[in-house]
Amino acid sequence: MRLEDCMKRLEELESAREELFKILREMRIHSTKSVALIHAGKIEEAKLELKKAIELLEKVNEYRIYPEIYFYLSNDAMQELVEAIVFKNAISGEFTFDINLDVTPSAFLNGLADAVGELRRYALTKLIEGDFQTAQRMLEIMEKIYEHLMEFTSFPEKLVPGLRKKLDVARMSIERTKSDYIAARVARLNESLGGD
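Note that the coordinates shown come from a computational prediction; the quantities given were computed from them, not determined experimentally. (Residues numbered from 1 in each chain as written. Predicted model: local features only at pLDDT ≥ 70, side-chain atom pairs only at ≥ 80, totals over all residues. Heavy atoms only, no water.)

### Remarks on helix H6 (residues 163–192)
Move 1: Taking 1.5 Å per residue as the helical rise, H6 with its 30 residues ought to reach 44 Å, and the 43 Å between its terminal C-alpha atoms agrees with that figure.
Move 2: For H6, every residue scored as buried is listed here: Leu-163, Leu-167, Ala-170, Ser-173, Ile-174, Thr-177, Tyr-181 and Ala-184.
Move 3: On its buried face, H6 is in contact with helix H4 (105–129) and helix H5 (132–150). (Helix = DSSP H or I, 4+ residues; strand = E, 2+ residues; numbered from the N terminus. Expected span 1.5 Å × (residues − 1). Buried < 20%, exposed > 50% of the residue type's maximum accessible area, 1.4 Å probe, protein only. Contact = heavy atoms within 4.5 Å.)

The structure is reproduced here in structure tokens:
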């Protein structure tokens, strides 16, 4: 290694970093839009946003040749994409833990954990609408995600940064959703019995 080599590599990394930032920002925007569109009931539009985000992921992965920047920059955007896909699959009745995405294991696991929050929001909307069956299905998926991800908490924090904390949040979301579900069922029963 020489100083000239350092300068050349760092200039190359700086340029790649700027390009990667732009692509990641766009990927996150499409992922976030997808989630918002799903909550708005616009599933087909959400699928189009997800398609754009997945296409951008392919571009992101071209930057693996720059490991110094690739891993620490890409993880959050990858998590958001996984979260959006898991959410879309769950509400479409296509939930599975097998998702054909070229992301890091950490991004995959954390994205799954983050999806629990979106599933809670969706379940609450369904409770307000009186759709207890869908709310219960979302709750079951939330619990399934939590149970499966707990198997990964034995790995060091450095390998799956943030997962334990996200699972603590997920556990609280599940408990609160169960409580909200029960309260909504009791309220509906009182209504049907003519109670106040």
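### Quick word on the pattern of salt bridges
Move 1: By the definition in use, this model includes 17 salt bridges.
Move 2: The salt bridge involving Lys-52 is made with Glu-49; its shortest N-O contact spans 4.0 Å. Of this pair, Lys-52 and Glu-49 both sit in helix H2 (residues 43–61), three residues apart, which is roughly one turn of the helix.
Move 3: Relative accessible area serves as the criterion here: at 11%, Glu-49 is assigned to the buried category. (Salt bridge = Lys/Arg side-chain N within 4 Å of Asp/Glu carboxyl O.)

### A look at the packing of aromatic side chains
Move 1: Going through the model one piece at a time under the given rule, you end up with six aromatic pairs.
Move 2: When the centroid spacing of 5.9 Å and the interplanar angle of 80° are considered together, the rings of Phe-87 and Tyr-122 count as edge-to-face. In this pair, Phe-87 sits in helix H3 (residues 67–91) while Tyr-122 sits in helix H4, placing the two residues 35 residues apart along the sequence. There is no split in this pair, since Phe-87 and Tyr-122 are both buried.
Move 3: Note that Arg-185 overlies the ring of Phe-132, its terminal NZ or CZ placed 4.6 Å from the centroid. (Phe/Tyr/Trp six-rings, centres within 6.5 Å; stacked < 30°, edge-to-face > 60°. Lys NZ or Arg CZ within 6 Å of the ring centre and 35° of its normal.)

Note that every value here comes from positions in space, so none of it alone points to a role or purpose.
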